[in-house]
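Structural overview for review
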Amino acid sequence: RKRQWILQHAILMNDHDVRRYADYGLHVTTCKGFHWGKGDYYAERIGKHTWKDLIPLRRLLDHGITVGCGTDWGPRNVFEQIQLAETCEFAQSGYRNLDAGQAITREEALLMWTRDAARVLGWSGVGTLAKGNHADITIVDRNPLECEIEALPKTKILKTIFSGEDVFDSGDLDN
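These remarks concern the structure in this document. Fair warning: this is a prediction, and the values are worked out from it, not measured in the lab.

1. A look at the pattern of salt bridges
Across all of its chains, the model carries 16 salt bridges by this definition. Notably, a salt bridge pairs Arg58 with Asp62, separated by 3.1 Å at the nearest N-O pair. Residue Arg58 and its partner Asp62 are located together in helix H3 (residues 57-62), separated by four residues, close to a single helical turn. The class for Arg58 is buried, based on a relative accessible area of 19%. Two residues, Lys159 and Asp166, come together in a salt bridge whose shortest N-O distance is 3.2 Å. A relative accessible area of 17% places Lys159 in the buried class. Relative accessible area serves as the criterion here: at 45%, Asp166 is assigned to the partly exposed category.

2. Thoughts on the packing of aromatic side chains
For the structure on display, the rule yields five aromatic pairs. Note on Phe90 and Tyr95: the rings are 5.5 Å apart at their centroids and 45° apart in plane angle, and the pair reads as tilted. Relative accessible area serves as the criterion here: at 29%, Tyr95 is assigned to the partly exposed category. Each residue in the set Trp51, Phe90 and Tyr95 is aromatic and connected to the rest through ring pairs, giving one cluster. Positioned over the ring face of Trp73 is Lys38, at 5.4 Å from the centre of the ring.

3. Describing the packing of helix H2 (residues 32-45) against helix H4 (residues 78-87)
Between H2 and H4, the least distance of the axes is 8 Å, while the angle of their chain directions is 65°. Taken together, the axis directions place H2 and H4 in an arrangement best described as roughly perpendicular. Our pair here, H2 against H4, has a crossing hand that is left-handed. Taken together, the residues of H4 that come into contact with H2 (itself represented by Lys32, Gly33 and Trp36) are Gln81, Leu84 and Ala85. Its residues placed into classes, the contact of H2 with H4 shows three nonpolar, two polar and one charged.

About the thresholds
- Residues numbered from 1 in each chain as written.
- Predicted model: local features only at pLDDT ≥ 70, side-chain atom pairs only at ≥ 80, totals over all residues.
- Heavy atoms only, no water.
- Salt bridge = Lys/Arg side-chain N within 4 Å of Asp/Glu carboxyl O.
- Helix = DSSP H or I, 4+ residues; strand = E, 2+ residues; numbered from the N terminus.
- Buried < 20%, exposed > 50% of the residue type's maximum accessible area, 1.4 Å probe, protein only.
- Phe/Tyr/Trp six-rings, centres within 6.5 Å; stacked < 30°, edge-to-face > 60°.
- Lys NZ or Arg CZ within 6 Å of the ring centre and 35° of its normal.
- Axes fitted to C-alpha atoms, helices over the stretch in contact; angles between N-to-C directions.
- Parallel < 35°, antiparallel > 145°, perpendicular 65-115°, else oblique.
- Left-handed = near helix turned anticlockwise from the far one by under 90°.
- Contact = heavy atoms within 4.5 Å.
- Nonpolar A, V, L, I, M, F, W, Y, C, P; charged D, E, K, R; others polar.

The following block contains the structure:
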């Protein structure tokens, strides 16, 4: 536990394994792109029984494991990744693997790409807006927690502020 080990990818994990990893105090980094891109492939090559254990975000959270998500595989758009965390959709067939019970809420997903990613990596002062933290922020054109699920990937970044400086500005806030 005191080593704060990180399990990377965590593509196929059954309940027994997740309980063991929680007992060890492991943190997890993963990407819903693995689920999206490999779901149909695993069904074809191994069997549909693997779907219940494919990127089991719900199971990981329910066992108290801190999960940080990224965009290192599959769609590069973080909002599309958050959509995949909620829909559990596969790329090839479009099948939504909701029967596996591994979907999470949009708020849980957003935290995995912000606060919890920083926690997994041991980065203090980032991932949340709080007194004493770095005030890095991205301003978007819609509320990603409340917009329609189909609109989530179309979320447009309007401005990004890093270390108090504008590092990106679409110009759309001026209108």
